Amino acid sequence: MGSGGLELPPGDEGHEGSSSEVPPAAVSLARPMAANAIGPELDWDADAWREVRTRAQRAGRAYIWLNLVEQRLRAVVAAVLRPIYEPVHGDEWAVAAAGPAGQEWVQRAVAVREVSRRKGYLLDPADDNVISFLTLPQLRELMVQHWPCFEPYLDDRRDVELALDELEVTRNVVSRNRALSEAVLNQAERASARLLEMLGTGGDVPSARRLPVDAVEDLIGDRYADVVAVHSDRVRLLRQFPAEDIFDGSRRIDAIGIGLNLLVQNFSGRRLIRIADAGARIRLLFLNPASSAVKRRERELGMKRGELSRAVEMNILHMRRVRSRLRDPGAFQIQVYDETPRFTAYLVDGDGADGIAVVQSYLRRMRGMEAPVLVLRGGNRVVKSGEVDEGGLFSAYREEFELAWADSRPVS
């Protein structure tokens, strides 16, 4: 007889007093399952793991953006409204700012704060205030209610509200741990970056003009030195980072490789002339098409004899024609080297704090179009607070370029 007055079912068969019938008042207890009794329907195969990892990665990126936006909006709201309400209402200034229209949600925030206090969830004393418990829509409501107070600092209310509208879908999906599509994530990232810029948080990394600083890079950029992107081949690079974005508007281009196809074949000669006439300095270092290194590379790639050599010659001739049309041909230098080619690198504005580099290693059986690509951020790269910047790959490739340039000879 159990403690609740119910009769327990009998034990295993074979024990004394066992019976195949269970009395009406008995409670049936399930027997423990064997370790190998869990069926395959509870198991995750490789595709399922791949799907959940993709979901987690997208949700993580979206959460970081939403977290940044919410923190920034909270700071802006506090900076504008606290001086107005705090002198009269003290620590409850956020409750007063919400007014009668916001009584329901602001009281809910007060209740959540009290629960967090009792349970020890407030780990930072700076968060022990009502505004820290307001959600993104509630912060938006405070801003809309008091727009005349914010108008001197923000250009267009409609732009702010549109950006917050675009974030609302992502916020609901992430908060409920549902699947987030890549299109919605991209929209959220664009809206977040636009909103942060409107709220006065422009990135202090100079190269952000050419390659915007990603929120994840900004937080954990030290993990990968100055590598900000990796692409499996040049096609995927150009899909995400077109040649126009890489080279246009630059003040300096230093490139080393075999044929420099990324620049020569993907960036028009007219644009090169335009940026050179605007003051850009360009140094192009090709592999000598008559060198034995070209012949070895042709054998590695299984190319016909002279095929690669002619391709490099055509690229050099094209760049010579571009140089001949410049007002200052001295700003456009072309040289060749005879050493074994080890990598191709395009260093854009590499002499300053806003440099960007696109680098590929030469692999034995893989053409340049097919080789993996690294995108590097030079200058003031993002590092973890309190750590010393020991330099990254950008400076190493820039030094290699200068050494190769010093040992090369000019093309007339």
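In what follows, the accompanying structure is described.

Examining the overall build of the protein chain
What the protein chain contains, in helices and strands, is 15 helices and eight strands. Buried positions account for 39% of the 412 residues belonging to the protein chain. Once local pairs closer than 6 in sequence are excluded, the contacts in the protein chain between residues at least 24 apart make up 69%. Total accessible area on the protein chain stands at roughly 23900 Å², and carbon and sulfur atoms take up 50% of it.

Regarding the sheet that holds strand 1 (residues 227–231)
Reading across the sheet, the eight strands line up as 1-7-6-5-2-3-4-8 and stay open at both edges, with mixed pairing between neighbours. Each of the sheet's edge strands pairs with one partner strand only, and the pair in question is strand 1 and strand 8 (409–410). Pairing analysis gives five bridges linking strand 2 (residues 252–256) to strand 3 (residues 281–287), with the strands arranged parallel. Bridge pairing in strand 3 places Ala255 opposite Leu284. Across the sheet, helix 14 (residues 307–324) touches strand 3 and strand 4 (332–337), and the angle it forms with strand 4 is around 160°.

Structural notes on the pairing of strand 6 (residues 356–361)
The buried fraction of strand 6 amounts to five of the six residues, a majority that puts the element mostly inside the structure. In the sheet, strand 5 (residues 343–348) pairs with strand 6 via six bridges, with the strands oriented antiparallel. Looking at the pairing, Tyr346 lines up with Val358 of strand 6. Pairing analysis gives four bridges linking strand 6 to strand 7 (residues 373–377), with the strands arranged antiparallel. Of the residues in strand 7, the one forming a bridge with Ile356 is Arg377.

A word on unusual backbone geometry
With phi around 55°, Leu260 is a residue other than glycine that occupies positive phi space. Residues other than glycine seldom take positive phi values, yet Asp349 does so here, at roughly 55°. Along the chain, the position of Asp349 falls in the loop between strand 5 and strand 6. Given the relative accessible area of 0%, Asp349 is considered buried.

Observations concerning the packing of aromatic side chains
In the structure shown here, the tally under the stated rule is five aromatic pairs. When the ring of Trp44 is compared with that of Trp49, the centres are 4.9 Å apart and the planes differ by 85°; the resulting orientation is edge-to-face. Residue class for Trp49 comes out partly exposed when judged on its relative accessible area of 47%. Here Phe247 and Tyr346 contribute two aromatic rings whose centre-to-centre distance is 6.0 Å and whose plane-to-plane angle is 70°, an arrangement assigned as edge-to-face. Taken as a pair, Phe247 in helix 10 (residues 243–247) and Tyr346 in strand 5 lie far apart in primary sequence, 99 residues in all. Grouping aromatic residues by their ring pairs yields a cluster made of Phe247, Phe267 and Tyr346. Taking the ring centre of Trp405 as reference, the NZ or CZ of Arg283 above it sits at 5.2 Å.

Things to note about the pattern of salt bridges
Evaluation of the coordinates by the stated rule reveals 29 salt bridges. When the shortest N-O distance is used, the salt bridge between Asp165 and Arg140 registers 2.6 Å. In this pair, Asp165 sits in helix 6 (residues 157–175) while Arg140 sits in helix 4 (residues 136–145), placing the two residues 25 residues apart along the sequence. Looking at Asp165, the relative accessible area reads 39%, which means it is partly exposed. Linking Arg274 and Asp248 is a salt bridge whose minimum nitrogen-to-oxygen distance equals 2.9 Å.

So, helix 13 (residues 292–301)
Ala293, Val294, Arg297, Glu298 and Leu301 are the residues of helix 13 that are buried. Here the buried residues of helix 13 occupy an arc of 145° about the axis, which is enough to place them on one side.

Comments concerning helix 4
The complete set of buried residues in helix 4 reads Leu136, Gln138, Leu139, Arg140, Leu142 and Met143. Lining the buried residues of helix 4 we find helix 1 (46–89), helix 2 (93–98), helix 3 (103–119), helix 5 (147–150) and helix 6.

Observations regarding the nonpolar core
Formed by 60 residues in total, the largest nonpolar core has its most connected members in Phe247, Leu272, Leu284, Phe286, Met319 and Phe332. Setting aside residues no more than four positions away along its own chain, Phe247 makes contact with Arg210, Ile253, Leu262, Leu263, Phe267, Ile275, Tyr346 and Val348. Ala97, Ile131, Phe150 and Ala163 belong to the second largest nonpolar core, which has 43 residues in total.

Here we look at the packing of helix 1 against helix 4
Running from amino to carboxyl end, helix 1 crosses helix 4 at an angle of 30°, the nearest separation of the two axes being 10 Å. By the angle between their directions, the pair helix 1 and helix 4 is classed as roughly parallel. As helix 1 runs across helix 4, the sense of the crossing is left-handed. Of the residues in helix 4, those touching helix 1 at Leu66, Val69, Glu70, Leu73, Arg74, Val76, Val77 and Leu81 are Leu136, Leu139, Arg140, Leu142 and Met143. The class makeup of the residues in the contact of helix 1 with helix 4 is 10 nonpolar, no polar and three charged.

Rules of the game
Residues numbered from 1 in each chain as written. Predicted model: local features only at pLDDT ≥ 70, side-chain atom pairs only at ≥ 80, totals over all residues. Heavy atoms only, no water. Helix = DSSP H or I, 4+ residues; strand = E, 2+ residues; numbered from the N terminus. Buried < 20%, exposed > 50% of the residue type's maximum accessible area, 1.4 Å probe, protein only. Contact = heavy atoms within 4.5 Å. Areas by Shrake-Rupley, 256 points an atom, 1.4 Å probe, with all protein chains shown as cover. Pairing = 2+ DSSP bridges. Axes fitted to C-alpha atoms, helices over the stretch in contact; angles between N-to-C directions. Phe/Tyr/Trp six-rings, centres within 6.5 Å; stacked < 30°, edge-to-face > 60°. Lys NZ or Arg CZ within 6 Å of the ring centre and 35° of its normal. Salt bridge = Lys/Arg side-chain N within 4 Å of Asp/Glu carboxyl O. Arc of directions from axis to C-beta. Core = buried A, V, L, I, M, F, W, Y, C linked by side-chain atoms within 4.5 Å. Parallel < 35°, antiparallel > 145°, perpendicular 65-115°, else oblique. Left-handed = near helix turned anticlockwise from the far one by under 90°. Nonpolar A, V, L, I, M, F, W, Y, C, P; charged D, E, K, R; others polar.

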